[in-house]
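So you can see what is in the structure, the chains are spelled out below.
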Amino acid sequence: DTGVSQDPRHKITKRGQNVTFRCDPISEHNRLYWYRQTLGQGPEFLTYFQNEAQLEKSRLLSDRFSAERPKGSFSTLEIQRTEQGDSAMYLCASSLTYNEQFFGPGTRLTVL
Amino acid sequence: DAKTTQPPSMDCAEGRAANLPCNHSTISGNEYVYWYRQIHSQGPQYIIHGLKNNETNEMASLIITEDRKSSTLILPHATLRDTAVYYCIVRVTDSWGKLQFGAGTQVVVTP
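Residues numbered from 1 in each chain as written. Chains lettered and ligands numbered in written order. Predicted model: local features only at pLDDT ≥ 70, side-chain atom pairs only at ≥ 80, totals over all residues. Heavy atoms only, no water.

Thoughts on the pattern of salt bridges
(1) Moving on: All told, the structure shown has five salt bridges over all chains when counted by the stated rule.
(2) Moving on: Note that Asp24(A) and Arg22(A) form a salt bridge whose closest N and O atoms lie 2.7 Å from each other.
(3) Moving on: The class of Asp24(A) is partly exposed, set by a relative accessible area of 26%.
(4) Moving on: Relative accessible area serves as the criterion here: at 33%, Arg22(A) is assigned to the partly exposed category.
(5) Moving on: For the salt bridge of Arg37(B) with Asp82(B), the shortest nitrogen-to-oxygen distance reads 2.8 Å. Taken together, the positions of Arg37(B) in strand β3 (residues 31-38) and Asp82(B) in the loop between β7 (70-75) and β8 (84-92) put the pair 45 residues apart, joining distant regions of the chain. (Salt bridge = Lys/Arg side-chain N within 4 Å of Asp/Glu carboxyl O. Buried < 20%, exposed > 50% of the residue type's maximum accessible area, 1.4 Å probe, protein only. Helix = DSSP H or I, 4+ residues; strand = E, 2+ residues; numbered from the N terminus.)

Topic: the interface of chain B and chain A
(1) Moving on: Each partner contributes residues to the interface: chain B has 19 residues there, and chain A has 22 residues.
(2) Moving on: With both sides pooled, the region where chain B packs onto chain A buries about 1800 Å², and carbon together with sulfur makes up 53% of that total.
(3) Moving on: Counting across the interface, chain B meets chain A through one salt bridge.
(4) Moving on: Glu56(A) is paired through a salt bridge with Lys98(B); the nearest N and O atoms lie 2.7 Å apart.
(5) Moving on: Linking chain B with chain A are nine residue pairs in polar contact (both at pLDDT 80 or more), by the criterion used here.
(6) Moving on: Looking at the side of chain B that touches chain A, the elements that each hand over two or more residues are β3, β4 (45-50) and β8 of chain B.
(7) Moving on: When residues of the side of chain B that touches chain A are assigned to their parent elements, the largest contribution, three residues, is made by β3(B).
(8) Moving on: Of the residues assigned to the side of chain B that touches chain A, the class counts are nine nonpolar, seven polar and three charged. (Contact = heavy atoms within 4.5 Å. Buried area = accessible area lost by both parts, 1.4 Å probe. Polar contact = N/O pair within 3.5 Å; in protein donor to acceptor, adjacent residues only side chain to side chain. Nonpolar A, V, L, I, M, F, W, Y, C, P; charged D, E, K, R; others polar.)

Section: unusual backbone geometry
(1) Moving on: The omega torsion across Asp7(A) and Pro8(A) is -5 degrees, close enough to zero to call that bond cis.
(2) Moving on: Following the sequence through the fold, Pro8(A) ends up in the loop between β1 (5-7) and β2 (10-13).
(3) Moving on: The phi dihedral of Asn51(A) is positive, around 55 degrees, even though this residue is not glycine.
(4) Moving on: Tracing the backbone through its elements, the reader meets Asn51(A) in the loop between β5 (44-50) and β6 (53-57).
(5) Moving on: Note on Asn51(A): relative accessible area 31%, which makes it partly exposed.
(6) Moving on: We note that Ser41(B) has phi near 70 degrees; this positive angle belongs to a residue other than glycine.

A closer look at the nonpolar core
(1) Moving on: By size, the foremost hydrophobic cluster in this structure holds 21 residues, and its most contacted members are Leu20(B), Trp35(B), Ile47(B), Leu73(B) and Tyr86(B).
(2) Moving on: Those elements giving two or more residues to this core turn out to be β2 (18-23), β3, β4, β6 (61-64), β7, β8 and β9 (105-110) of chain B.
(3) Moving on: With four residues, the single largest contributor to this core is β8(B).
(4) Moving on: If we skip the residues at most four places from it in the chain, Ile47(B) touches Trp35(B), Tyr36(B), Arg37(B), Asn57(B), Met59(B), Ala60(B), Leu73(B) and Tyr86(B).
(5) Moving on: Among the nonpolar cores identified, the runner-up in size contains 19 residues, and Ile26(A), Ala88(A), Tyr90(A) and Cys92(A) belong to it. (Core = buried A, V, L, I, M, F, W, Y, C linked by side-chain atoms within 4.5 Å.)

Digging into the pairing of β9(B)
Residues and elements named next belong to chain B.
(1) Moving on: Going residue by residue along β9, you find Thr105, Val107 and Val109 tucked away on one face and Gln106, Val108 and Thr110 left uncovered on the opposite face.
(2) Moving on: Pairing analysis gives five bridges linking strand β1 (residues 9-13) to β9, with the strands arranged parallel. Each residue of the ladder has a partner; that of Met10, found in β9, is Val107.
(3) Moving on: Of the pairings in the sheet, the one linking β8 to β9 comprises three bridges and is antiparallel in character. By the bridge assignment for β9, Val85 is matched with Gln106. (Pairing = 2+ DSSP bridges.)

By themselves these figures say nothing about function.
Pasting the structure below:
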């Protein structure tokens, strides 16, 4: 257990539905990252926050995706109008230093 | 950030040293080599990082060649719990930004 928690751990939804995932970072960590991982591939960066400011977004983050980190604490990742291609593991990580990102266990999304 | 090349898989006997190679021939002077691993159904875990000197911690050793174009992660006494995908990542120093993962090396430690 790294201290980063994600909820839910698994989500099954139907195509076209909206889903929201939550990440609770280690409390003193001001940097928070979201990644997506499909089967057999390494994680791909989606976006990252310094406190409540979203500093970088990947081109993978289409306009159906939105992430927030109100008050610089927990973060949410919402996917609107889900598609089957959104099925993946969504990973959250937090950090306090340049060197190490601490990852949560991930939320596995299945879109039927 | 520079690109890395790793073998897709390797096997290792329990108790023996596992030597995981990584090629990063386009590495720049301000880029570090990082290693993470991902055990099945878990998020990635930081192992070690280095710039040009060899590094060692409680988990592993990192050997970087003098020209910095390749490196080797050494797990000195592999256990079954070391079975995981190992990722070699090159990253600019003092960077808060993203980690760029490749496909990594699937290491299977056998009894």
